[in-house]
Amino acid sequence: KACELRLRHKDKESLPIFEKLLVADSNQVGYLTNVSNCYSVVGNEKKDEKERMKYFNSAAYLSEKAIMLNPEEADAHYTYAQALGRINEFASPKQQVASAKVIKTETEKAIALDPKISGAHHIMGRWHRTVAGFGPVEKLAINMLFGGVPEGGSNEAAVESFQKAIKAEPKYILHIYELANTYYEMKNIPFAKAWLKKAMEITADCEDDVDALKKCEELKKKL
């Protein structure tokens with residue numbers, strides 16, 4: 001039941017079930033990764049910064065434990081990257097740069113183990129677009145930390161990743177919105193409008209969809 005709810009992005013409803021399962025067996029990798037996923041999603045809705053970061057840090061801890069128990073579990077690497085990505089959204093530019101390589105590495109591991117994880121392709125899309133948007137200071141910091149800007153980091157690569165996410169999960173509005181937004185960043189207005197139209201034609205089925213449609217409305221005004 002909990003897995004069914006997660007597939008429909010109803011994370012608030014699935015979280016209490018997964019938490020009960022995790023209490024029953026804290027070394028079960030599936031329970032660890034699913035609770036981690038829920039914490040990343042539910043935590044993002046919290047208004048209080050300390051409470052929000054508590055969820056994100058717990059999500060990262062649970063996924064790290066899952067990786068230690070089974071390094072070949074794709075969902076463990078995906079949920080770890082997801083948690084780090086959430087933390088990075090509210091981090092300083094310096095921390096964002098420091099975490100960029102880890103997020104990319106963990107996401108690539110997840111995709112290599114299971115290419116059908118739509119969320120992993122979504123993270124890669126966000127990663128490429130974010131790195132593409134780094135200014136001279138951030139790029140200098142990356143060069144100093146890693147001896148060069150990590151491979152990738154272009155809007156074209158972001159488009160490719162979001163397209164893969166959509167192929168794996170065609171009715172999830174956020175994937176489509178992010179693709180439209182990427183085309184907007186690239187100043188490809190016709191493609192941005194076309195994909196935005198596709199996103200806004202889908203009926204919301206979860207809170208994520210409702211939030212994504214709000215973002216669509218904002219992008220529509222910009223266009």
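Residues numbered from 1 in each chain as written. Predicted model: local features only at pLDDT ≥ 70, side-chain atom pairs only at ≥ 80, totals over all residues. Heavy atoms only, no water.

**Q** What is the right way to look at the packing of aromatic side chains in this model?
**A** The geometry of an aromatic ring pair comes down to the distance between the two centres and the angle between the two planes. If you walk through the whole model with that rule in mind, you get three aromatic pairs. Relative to Tyr55, the ring of Tyr39 lies with its centre 5.5 Å away and its plane at 85 degrees, an arrangement referred to as edge-to-face. Separated by 16 residues along the polypeptide, Tyr39 in helix α3 (residues 29–43) and Tyr55 in helix α4 (residues 49–69) bring together distant segments of the chain. Geometrically, the ring pair formed by Tyr183 and Phe191 is edge-to-face, given 5.1 Å between the ring centres and 70 degrees between the ring planes. The exposure class of Phe191 is partly exposed, given its relative accessible area of 45%. The cationic tip of Arg52 hangs over the ring face of Phe90; the distance from NZ or CZ to the ring centre is 4.0 Å. The residue whose ring lies beneath Lys104 is Trp127, and the NZ or CZ to ring-centre distance is 5.4 Å. (Phe/Tyr/Trp six-rings, centres within 6.5 Å; stacked < 30°, edge-to-face > 60°. Helix = DSSP H or I, 4+ residues; strand = E, 2+ residues; numbered from the N terminus. Buried < 20%, exposed > 50% of the residue type's maximum accessible area, 1.4 Å probe, protein only. Lys NZ or Arg CZ within 6 Å of the ring centre and 35° of its normal.)

**Q** Which parts of the structure should I look at to understand the confidence of the model for the protein?
**A** Any segment with low pLDDT has predicted coordinates that should not be analysed in fine detail. Of the residues in the protein, 94% reach a pLDDT of 70 or more, and the chain-wide mean stands at 92. The spread of mean pLDDT over the elements of the protein runs between helix α8 (residues 136–146), the lowest at 69, and helix α11 (residues 189–200), the highest at 98. (pLDDT = per-residue confidence, 0-100.)

**Q** Where do I start with the pattern of salt bridges in this structure?
**A** Pairing is possible between side chains of opposite charge, provided their charged atoms come close. According to the stated counting rule, one finds 12 salt bridges in the structure shown. Across the pair Glu89 and Arg86 runs a salt bridge whose closest N-O atoms are separated by 3.9 Å. Here Glu89 pairs with Arg86, and both are found in helix α5 (residues 74–89), just three residues apart, close to one helical turn. For Glu89, a relative accessible area of 36% corresponds to the partly exposed category. For Arg86, a relative accessible area of 19% puts it in the buried group. Residues joined by salt bridges that share partners form a network here, namely Arg86, Glu89, Arg126, Arg129 and Glu178. (Salt bridge = Lys/Arg side-chain N within 4 Å of Asp/Glu carboxyl O.)

**Q** Before we go on, may I ask you to explain the nonpolar core in this structure?
**A** Proteins that are soluble and globular tend to have nonpolar side chains buried together. Among the nonpolar cores identified, the biggest contains 34 residues, and Leu15, Val35, Tyr39, Leu62, Tyr78, Ile103 and Ala120 are the most heavily contacted of them. Looking at this core, the elements that each hand over two or more residues are α2 (11–24), α3, α4, α5, α6 (93–113) and α7 (118–132). With seven residues, the top contributor of residues to this core is α5. Among residues more than four places away in sequence, those in contact with Ala120 are Tyr78, Thr107, Ala110 and Ile111. If you look at the next biggest cluster of nonpolar residues, it comprises 19 residues, including Ala158, Ala192, Leu196 and Ile202. (Core = buried A, V, L, I, M, F, W, Y, C linked by side-chain atoms within 4.5 Å. Contact = heavy atoms within 4.5 Å.)

**Q** I'm lost on α4 in this one. Help?
**A** Each α-helix winds once per 3.6 residues, and so residues spaced three or four apart point in a common direction. Here α4 contains 21 residues, and its C-alpha end-to-end distance of 30 Å stays within 8% of the 30 Å for a straight helix at 1.5 Å per residue. Taken together, the buried positions of α4 are occupied by Arg52, Met53, Phe56, Ala59, Ala60, Leu62, Ser63, Ala66 and Ile67. One side-chain oxygen of the residue at the start of α4 lies 3.3 Å from the amide nitrogen of Lys50, identifying that residue as Asp48. (Expected span 1.5 Å × (residues − 1). Polar contact = N/O pair within 3.5 Å; in protein donor to acceptor, adjacent residues only side chain to side chain.)

**Q** Before we go on, may I ask you to explain helix α10 (residues 173–185) in this structure?
**A** The first and last C-alpha atoms of α10 sit 18 Å apart over 13 residues, in line with the 18 Å expected at 1.5 Å per residue. Across the 13 residues that make up α10, a large majority, 11, are buried. Considered for burial, the residues of α10 that qualify are Ile173, Leu174, His175, Ile176, Tyr177, Glu178, Leu179, Ala180, Asn181, Thr182 and Tyr183. If you follow the buried residues of α10, they end up packed against α7, α9 (155–168), α11 and α12 (207–222). Immediately beyond the C-terminal end of α10, within one or two residues, lies Lys187, with a positive phi of roughly 65 degrees.

**Q** Please clarify how unusual backbone geometry should be interpreted in this entry.
**A** For residues that are not glycine, phi is negative in most cases, and the peptide bond is trans in most cases. For His9, which is not glycine, the phi dihedral falls at a positive 60 degrees. Within the chain, Lys187 stands out as a residue other than glycine whose phi angle is a positive 65 degrees. The topology assignment puts Lys187 in the loop between α10 and α11.

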